[in-house]
2 protein chains.
Amino acid sequence: MNEPSLTGGREAKRRTILESAVRVFAENGFFAARIRDIAAGAGVAEGTIYLYFDGKDDLLLTAFREKVNEFCASVRDVLPSELSFEQRLARFIRLQFESIEADPALATVLLLESRQSSKFYGGAVRDVLKLYAQAIDELLGSGGAENALREGVAIPLARRMLIGLLEEIELEWLLGDRSRPLVPLADRVADTFYRGLAPAP
Amino acid sequence: MNEPSLTGGREAKRRTILESAVRVFAENGFFAARIRDIAAGAGVAEGTIYLYFDGKDDLLLTAFREKVNEFCASVRDVLPSELSFEQRLARFIRLQFESIEADPALATVLLLESRQSSKFYGGAVRDVLKLYAQAIDELLGSGGAENALREGVAIPLARRMLIGLLEEIELEWLLGDRSRPLVPLADRVADTFYRGLAPAP
DNA sequence: CGCCGGTGAGTGATGGCTCATTCATGGCGC
DNA sequence: GCGCCATGAATGAGCCATCACTCACCGGCG
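Owing to the predicted nature of the structure, the values given are computational and were not obtained by experimental measurement. Position numbers for residues start from 1 in each chain and track the written sequence from start to end. Ligands are numbered from 1 and chains lettered from A, in the order in which they are written. Only residues with pLDDT of 70 or above have their local features reported here, since the model is predicted, and side-chain atom pairs are shown and tallied only from 80 upward, although totals for entire chains, interfaces and linings are computed over all residues. Values shown for side chains rest on all heavy atoms present in the structure; no hydrogens or waters enter the calculation.

### A word on the overall build of chain A
Next, step 1: Of the regular secondary structure elements, chain A holds 9 helices and 0 strands.
Next, step 2: By the criteria applied, helices consist of DSSP H or I runs no shorter than four residues and strands consist of E runs no shorter than two, each listed in order from the N terminus. Along its sequence from the N terminus, chain A presents helices and strands in the succession α-α-α-α-α-α-α-α-α.
Next, step 3: On the principal axes, the C-alpha backbone points of chain A span a range of 65 × 45 × 35 Å.
Next, step 4: Burial analysis of chain A (201 residues in total) assigns 52% to the buried set.
Next, step 5: For chain A, contacts bridging at least 24 residues in sequence account for 73% of all contacts bridging at least 6.
Next, step 6: With an accessible surface of roughly 9,500 Å², chain A has 51% of that area assigned to carbon and sulfur atoms.
Next, step 7: Charge separation in chain A, taken as the distance between the mean sites of 25 positive and 30 negative side-chain charges, equals 3 Å. When a residue's accessible area, from a 1.4 Å probe over protein chains only, is under 20% of the maximum for its type it is buried; when over 50% it is exposed; and in between it is partly exposed. Note on contacts: a residue pair qualifies if any of its non-hydrogen atoms lie within 4.5 Å across the two residues. Per-residue accessibility takes into account occlusion by the displayed protein chains alone, with areas from the Shrake-Rupley method and a 1.4 Å probe. In this count, Lys and Arg are taken as positive residues and Asp and Glu as negative ones, while His and the chain termini are left out. To locate a charge, take atom NZ for lysine, CZ for arginine, CG for aspartate or CD for glutamate.

Printed below as a string of structure tokens:
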């Protein structure tokens, strides 16, 4: 009885509102986004939003947590496979690109607002991003464990490079021409990055 | 007589205002920044700002253009040297890191706001960023010309990777602990990225 | 008939920008 | 030299539009 779930429930409306918020944030940016538009997009009154969320900030933060958790999951999905480090890396990048293509609006919000948010909202956002960083460190660490990393490669630095280069590629796709799919780039990106880390053969 | 220049001039006040704006933008973010605070920081009245700039947006855009031009210059400084591609790459990254360390407030504004701006302010910002992209393409192209790039490395993709990984490293430094200097990382970053591009030996 | 999720007009705060006024400057007639 | 006025830079108190958020009211369901 603790599960209202199927179709009609409170949870469904909550999701509708959140999805509308993400769309409006993605289109206008967080600051320019108006609660009125989010309400209109969700087909509810302004007041209703405050029955489900604590306000504009909460809407952003919630969307955030959701997507980052999805990203983290995609890292951990890849970890325990029997593939080589190089293949796991490629697979992780492909998964991430797929998740960007699957929900571009949410991805736009995440990539466009995360920097601001982490500086100006502080704690909560930063904690969420830390999870993502840890997940990637694990992936890279697993490469180190099987001697796929050259001597002198520092994992935190490599992690920052990887996060950054993926972000830039994803962002250019999101803000630019989305007709060419993103996923086919994954192998080339993984290849270049992997060669940067690998021991000389 | 057309040169007022030395010390007192109009230009000096213009710069004072712009510098104050950059500081306030960096501290609070563009949207939360108040004209009142910019004025206070520059030691002028609010109205004065509008004698020198067209408004808040113009302040941001002007700061922008300035820093990007500086970045572009640092690429072009490096191009015509007799160093190897690998060394030019390292030198470029070092120059860029130095320029970040030299004016962290301006760099913060640039890195934190550029994404938003390019999406929501459109044209003007995007044109400026295109210059930067072109400059980097030249650098990478010069590597291709001396066979320092592996077959199948696409310059636009490599450019995005380079821009992204630098941004992330710079941003983590700007938002985090600035006590450890950034410049010493340049060689390791250049090394890793270069190995990613270089032909197998 | 009472309860409660939902409503949307209203409120209060905020902050970009304006413009009537003040002030500093320097050229000019005496 | 000495006042006097024209010029325009500088000022900052308000104006006004914009929203996030609230709350008194509504209507349908059990």
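### Quick look at the relation of the copies chain A and chain B
Next, step 1: Residues below a pLDDT of 70 in either copy are left out; the C-alpha atoms of the rest, at least 70 in both, set the least-squares superposition of the copies. Of the transformation superimposing chain A on chain B, the axial component is 0.0 Å and the angular component is 180°, with the fit at an RMSD of 0.1 Å. Overall, the copies show the geometry of a two-fold rotation axis.
Next, step 2: Interface overlap between copies is the fraction of interface residues in one copy that are interface residues in the other; for chain A against chain B it reaches 100%, indicating a shared surface.

### Considering the protein's contact with DNA strand C
Next, step 1: Any residue with a non-hydrogen atom lying within 4 Å of a molecule or strand is treated as near it. Near DNA strand C, the surroundings consist of 14 residues, among which Lys13 and Thr48 of chain A together with Ala33, Ile35 and Glu46 of chain B are the closest.
Next, step 2: Restricting the count to atoms of DNA strand C within 4 Å of the protein gives a sugar and phosphate share of 72%.
Next, step 3: At a separation of 3.4 Å, a base nitrogen of DNA strand C approaches a polar backbone atom of Gly47 of chain A.
Next, step 4: No other element matches the 4 residues that helix α3 (residues 46-52) of chain A contributes to the surface near DNA strand C.
Next, step 5: Under the scheme applied here, ten amino acids are nonpolar (Ala, Val, Leu, Ile, Met, Phe, Trp, Tyr, Cys and Pro), four are charged (Asp, Glu, Lys and Arg), and all others, including Gly, are polar. Tallied by class, residues from the surface near DNA strand C come to 7 nonpolar, 3 polar and 4 charged. Polar contact is defined as a pair of N or O atoms within 3.5 Å, subject to the rule that within protein one atom must be able to donate a hydrogen and the other to accept it, and that residues adjacent in sequence are counted only when both atoms are side-chain atoms.

### So, the interface of chain A and chain B
Next, step 1: Each side of the interface is counted separately: chain A has 41 residues, and chain B has 41 residues.
Next, step 2: Buried area is calculated as the accessible area (1.4 Å probe) missing from two parts once they are joined, with the contributions of both summed. Both sides together, the interface formed by chain A and chain B hides about 3,700 Å², and carbon and sulfur atoms give 62% of it.
Next, step 3: We define a salt bridge as a contact between a side-chain nitrogen of Lys or Arg and a carboxyl oxygen of Asp or Glu at a distance within 4 Å. Our enumeration of links across chain A and chain B arrives at 8 salt bridges.
Next, step 4: Ionic pairing is found between Arg160 of chain B and Glu172 of chain A, a salt bridge with its closest N-O pair at 3.9 Å.
Next, step 5: Inspection of the chain A/chain B interface yields 11 residue pairs in polar contact (both at pLDDT 80 or more).
Next, step 6: For the side of chain A that touches chain B, the secondary structure elements donating two or more residues are α1 (10-28), α6 (104-120), α8 (155-175) and α9 (186-197) of chain A.
Next, step 7: For the side of chain A that touches chain B, the per-class residue count stands at 18 nonpolar, 9 polar and 14 charged.

### Points about the side chain of Arg160 of chain B
Next, step 1: Mapped onto the fold, Arg160 of chain B is located in helix α8 (residues 155-175).
Next, step 2: Those residues within four positions of Arg160 of chain B in sequence are excluded, and the remaining contacts are Glu168, Ile169, Glu172 and Leu185 of chain A.

### Digging into the packing of aromatic side chains
Next, step 1: Two rings from Phe, Tyr or Trp (for Trp, the six-membered ring) form a pair when their centres are within 6.5 Å of each other. A pair whose planes differ by under 30 degrees is stacked, one over 60 is edge-to-face, and the rest are tilted. One pass over the structure, following the stated rule, counts 9 aromatic pairs over all chains.
Next, step 2: Counting every residue linked through ring pairs, the aromatic cluster contains Phe25, Phe30 and Phe31 of chain A together with Phe25, Phe30 and Phe31 of chain B.
Next, step 3: The ring of Phe30 of chain B has Lys56 of chain B lying over it, and the distance from NZ or CZ to the ring centre is 4.7 Å.
Next, step 4: Lysine NZ or arginine CZ positioned within 6 Å of the ring centre and within 35 degrees of the ring normal marks a charge as sitting over the ring. Here the basic side chain of Arg178 of chain B rests over the ring of Trp173 of chain B, its NZ or CZ set 5.8 Å away from the ring centre.

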